[in-house]
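The primary structure of each chain is shown beneath.
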Amino acid sequence: MIPLAIPDISGNEGRYLQDCVTTGMVSSVGPFVTCLEKQIGKASGFLTDPQAHAVATSSGTTGLHVALVSVGVRQGDLVIAPSLTFIATANAIAHAGATPWLMDVDATTWTLDPHALVECLNLETDRDSMGVLRRRSCGRRVSGIMPVYTMGHPPDMAALVELAQDYGLPVIADCAAALGALINGAPIAGHGADLSVFSFNGNKTVTSGGGGGVVGSDATLIARLRHLTTTARVGAAYDHDAVGFNYRMTNIQAAVGCAQMERLEDFLAAKKRISAIYAAAFEDLSSTTPFPKASNVESAHWLAGLFLTDPKINPGYVRDALRQQGIDVRPFWKPVHLQLPYAEAPRGPLVVTETIWDRIMPLPCSTALTKEDQDFVINAVRGVLSSA
Ligand SMILES: *Cc1c(COP(=O)(O)O)cnc(C)c1O
C-alpha cells in the first residue's frame, strides 16, 4: 500500500530519544519539552519569549479540552463548532461538559461559515437578565466558538473573530493540522483566537508520536493553562488549587517533536509541492476540483487530493478501485452530526457539509512520497475516474 500520510522520522529523532534515555529525562518535564514549546511559539508567530505563549500537551484532544476549560467553558454550555471536523473537536467540547452546537461550513473553504454563525447567533440567541448569552430554544449558555482549520486551511478568522467579539465569546481554534498556515502572510498568532491548538499525532505533518500544543497571545491565560495541565499544583508539596489535569507532554514525545520541528519548513514545502502536483495533474478533469485554497491564505496542506464534483460518480467505487491498486484511500471525516454520540446535538442547517463530506478524497501525501509513487497514484486515479 502507498500510505495516506506517514511521518518522516529520518532526522535527529533517534539521537534525541537516546539523549532522553542517557540523561534519564523521560517524563513530563525536560529540556525537549521546553525546546518544543519555544519552537511551537515561534512557528505561531510569537517571537519574543515564545515559551510564554505555548504549552505542549499530551495530545491535540487534551489541548483542546484544557483550552476550553481555561477560557471558562463549563458543564451544560454550548460551544459552536463546524460539523465537518474530526470527532476530537466535538469530544473536547463534551469532555468539558458542554455540547457542540454544530454549524455548516462555507462551500469555498470547507471551514466554519461566518454567515451560518451570524444567522444562528442573531436569530436563535438572547441575553438573559444577567447578560448571559443563551440559545433561546433550550436556554443553555453559549460560551465559545471553535473554528477548525480544515486540513490545514485557515477559516475566515477576521469575520469569525469580529462576530465573536460582538457577542463576547472566546475563540478556541482547532488548528490541529495547521502548523505553518498563514493568513495575509502572518502565522496563527495574529488572527485573534484566544487560544489555538495543534496536534502532533502520527498522521499530522509534524509528529511527536502523539501530542499537542496550545498557543495564545495572553501570557497570563497560557500560564493558567499550563498550570491546569500539571494537576494545578502550587509549590513543591501536594497542594492543588483547582481540578487540574495530567495533560503534559513527556520529554520522550517532545524529543521526537523537536527533531521534527527542525524540518518544519521542508515538510511544509513537500506538502505544498505534492498538493500542487495533484492539482496540475487533474486540472483537465471536469469531474474533480482540487481542495480549496482562499486567495489570502497559505494552507498548511496537511492533506492533498481531489474533490469529486460530478454527482454521478460514486465515491465508494473510486475508493475501492484505488485500494485494489494498493493506494491507501479512505473516506474523509464523517461529520459530527452523523455520529452516534452527537445525534442529539443542536445544529443549524448543514447543507454544504452533507453535500461535500463523502466526496472529499484525500490521496497519499506523506512528506516523503516519491515522484514515482505520486505518478502511480495520478495514473490510477485518472484510470478509475475514466471508468467511473
Ligand atoms: C488530528 C486532529 C485532532 C486531534 O488531535 P489528536 O492529537 O489526535 O488528539 C483534532 N482536530 C482535528 C481537526 C484533527 O485533525
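Residues numbered from 1 in each chain as written. Predicted model: local features only at pLDDT ≥ 70, side-chain atom pairs only at ≥ 80, totals over all residues. Heavy atoms only, no water.

Colleague: Explain the overall build of the chain here, please?
Modeller: Across its full length, the chain holds twelve helices and 14 strands. For 388 residues, the compact-globule estimate of 2.2 N^0.38 gives 21 Å, and the chain sits close to it at 21 Å. Each principal axis of the C-alpha distribution contributes one length, and for the chain these read about 65 × 60 × 35 Å. For the chain, with 388 residues in total, the buried portion stands at 55%. Partitioning the contacts of the chain with sequence separation of at least 6, the portion at a separation of at least 24 is 71%. Within the structure as shown, the chain displays about 15900 Å² of accessible surface, and the carbon and sulfur contribution to it stands at 55%. Across the chain, 29 positive and 36 negative side-chain charges occur, with their mean positions spaced 3 Å apart. (Helix = DSSP H or I, 4+ residues; strand = E, 2+ residues; numbered from the N terminus. Rg over C-alpha atoms; globule rule 2.2 N^0.38 Å. Buried < 20%, exposed > 50% of the residue type's maximum accessible area, 1.4 Å probe, protein only. Contact = heavy atoms within 4.5 Å. Areas by Shrake-Rupley, 256 points an atom, 1.4 Å probe, with all protein chains shown as cover. Lys, Arg positive; Asp, Glu negative; His and termini not counted. Charge placed at Lys NZ, Arg CZ, Asp CG, Glu CD.)

Colleague: I tried to follow helix α2 (residues 31–43) on my own but got confused; where do I start?
Modeller: For an α-helix, 3.6 residues make a turn, and residues three or four places apart therefore share a direction. With 13 residues, α2 should cover 18 Å at 1.5 Å per step; its first-to-last C-alpha distance of 18 Å lies within 8% of that length. Where α2 is buried, its residues contact α1 (13–23), β1 (54–57), β9 (195–199), β10 (212–215), α7 (219–229) and α8 (251–261). Two residues or fewer after α2 comes G45, characterised by a positive phi angle close to 105 degrees. (Expected span 1.5 Å × (residues − 1).)

Colleague: Can you help me understand the sheet that holds strand β3 (residues 99–103) in this one?
Modeller: Ordered by their spatial adjacency, three strands build an open sheet running β3-β2-β6, and the pairing between neighbours is parallel. The open sheet is flanked by β3 and β6 (142–145), the only strands paired with a single partner. Going across the sheet, the axis of each strand differs from the next one's by a mean of 35 degrees, ignoring polarity. Bridging between strand β2 (residues 78–82) and β6 involves three bridges; their strand directions are parallel. Its bridge partner being in β6, I80 is matched across the sheet by I145. Sheet contacts for helix α5 (residues 114–124): β2, β3 and β6; angle to β3, the most-contacted strand, approximately 120 degrees. (Pairing = 2+ DSSP bridges. Axes fitted to C-alpha atoms, helices over the stretch in contact; angles between N-to-C directions.)

Colleague: How should I be thinking about the pattern of salt bridges in this particular structure?
Modeller: Pairing between side chains becomes possible if they bear opposite charge and their charged atoms approach one another. All told, the structure shown has 14 salt bridges when counted by the stated rule. As a salt-bridge pair, D284 and R382 come within 2.8 Å of each other at their nearest N and O atoms. One end of the pair, D284, is in the loop between α9 (264–281) and β11 (288–290); the other, R382, is in helix α12 (residues 371–387), and 98 residues separate them in sequence. Looking at D284, the relative accessible area reads 53%, which means it is exposed. A relative accessible area of 29% places R382 in the partly exposed class. (Salt bridge = Lys/Arg side-chain N within 4 Å of Asp/Glu carboxyl O.)

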